[in-house]
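# Observations on chain architecture
Listed below are the residues making up each chain.
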Amino acid sequence: GKLSEAVKVLEDALKRKPDNARAHLELGKIYWSASDYSQAGASFEKVYRLQKSNLDAGWYAVLSYATSTAPNAKESVAVVLEQIVASEPGNEEANYMLAVARGSQGQLAEQTEGLQRQFDRNPNSPKLRKSLGVAMALNGNTQRAEAVLQQAVTMEASDADAQAAL
């Protein structure tokens, strides 16, 4: 119907001008509304690559890929997050999400290193302390993990997740 017509019009426009960020953005929105999250992610990622200042497009790509069931979705999440971190090294949320994404790919040492860097910048964050403790435990550093998690519980006694991780 109308969505397939809109996709065709936008794809034709992109054949003529492949770097048309607006067309990629609109295509991403259409793919998202059609629940084609992998294609939506690719479109939003293209927008972000074309317009590094359009951080929303980068986050839409991350969300799209994270929602996708495509086999390479986890890798795509990490790739976009790496691009965001490269453009904005001080972006705490992107750095945190990149560390988590690496852990979801089984890259536990990289996850722990990323969380440790974040924690070093913000040692008063119970969320980072808890995440770092869990990553350390998964990475086999159980003694240090227990100490870090105990500190998280001390900082925020109501954190049931940190208590359960102990």
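What counts and what doesn't
- Residues numbered from 1 in each chain as written.
- Predicted model: local features only at pLDDT ≥ 70, side-chain atom pairs only at ≥ 80, totals over all residues.
- Heavy atoms only, no water.
- Salt bridge = Lys/Arg side-chain N within 4 Å of Asp/Glu carboxyl O.
- Helix = DSSP H or I, 4+ residues; strand = E, 2+ residues; numbered from the N terminus.
- Buried < 20%, exposed > 50% of the residue type's maximum accessible area, 1.4 Å probe, protein only.
- Core = buried A, V, L, I, M, F, W, Y, C linked by side-chain atoms within 4.5 Å.
- Contact = heavy atoms within 4.5 Å.
- Axes fitted to C-alpha atoms, helices over the stretch in contact; angles between N-to-C directions.
- Parallel < 35°, antiparallel > 145°, perpendicular 65-115°, else oblique.
- Left-handed = near helix turned anticlockwise from the far one by under 90°.
- Nonpolar A, V, L, I, M, F, W, Y, C, P; charged D, E, K, R; others polar.
- Expected span 1.5 Å × (residues − 1).
- Phe/Tyr/Trp six-rings, centres within 6.5 Å; stacked < 30°, edge-to-face > 60°.
- Polar contact = N/O pair within 3.5 Å; in protein donor to acceptor, adjacent residues only side chain to side chain.

Scanning the model with the defined rule gives eight salt bridges in all. We note a salt bridge from Lys46 to Asp19, for which the minimum N-O separation is 4.0 Å. Taken together, the positions of Lys46 in helix H3 (residues 37-50) and Asp19 in the loop between helix H1 (2-16) and helix H2 (21-33) put the pair 27 residues apart, joining distant regions of the chain. Given a relative accessible area of 31%, Lys46 falls into the partly exposed group. The closest approach of N and O atoms between Arg22 and Glu26, which form a salt bridge, is 3.4 Å.

One finds Leu27, Val62, Val77, Val80, Leu81 and Ile84 to be the most contacted residues of the largest nonpolar core, which totals 26 residues. Of all the secondary-structure elements, those providing two or more residues to this core are H1, H2, H3, helix H4 (55-67), helix H5 (73-87) and helix H6 (92-104). Residues within four places of Ile84 in sequence aside, it is in contact with Tyr48, Leu55, Gly58, Trp59, Val62, Asn91 and Ala94.

Now for the packing of helix H7 (residues 108-121) against helix H8 (residues 126-138). Between H7 and H8, the least distance of the axes is 9 Å, while the angle of their chain directions is 155 degrees. For the element pair H7 / H8, the angle class is roughly antiparallel. As H7 packs across H8, the resulting crossing turns out to be left-handed. Side by side, H7 and H8 meet where Leu108, Gln111, Thr112, Leu115, Gln116, Gln118 and Phe119 of the first sit next to Leu128, Arg129, Ser131, Leu132, Ala135, Met136 and Leu138 of the second. Looking at the contact of H7 with H8, its residues break down into eight nonpolar, five polar and one charged.

This part is about H3. For H3, with 14 residues, the first-to-last C-alpha span of 20 Å sits near the 20 Å given by 1.5 Å per residue. Within H3 the residues assigned to the buried category are Ala40, Gly41, Ser43, Phe44, Glu45, Val47 and Tyr48. Structurally, H3 contributes buried residues whose contacts are with H2, H4 and H5.

Right, let's get into the packing of aromatic side chains. Under the counting rule described, the total for this entry stands at two aromatic pairs. An angle of 65 degrees between the planes, with centres 4.6 Å apart, marks the rings of Trp32 and Tyr37 as edge-to-face. Residue classification places Trp32 among the partly exposed residues on the basis of a relative accessible area of 32%. Judged by relative accessible area, which is 22%, Tyr37 ranks as partly exposed.

Attention now goes to the side chain of Ser68. For Ser68, the position within the fold is in the loop between H4 and H5. Residue class for Ser68 comes out buried when judged on its relative accessible area of 13%. At a separation of 2.9 Å, a polar atom in the side chain of Ser68 contacts the main-chain amide nitrogen of Ala70. For Ser68, the residues in contact, after removing those within four places along its chain, are Tyr37, Ser38 and Ala73.

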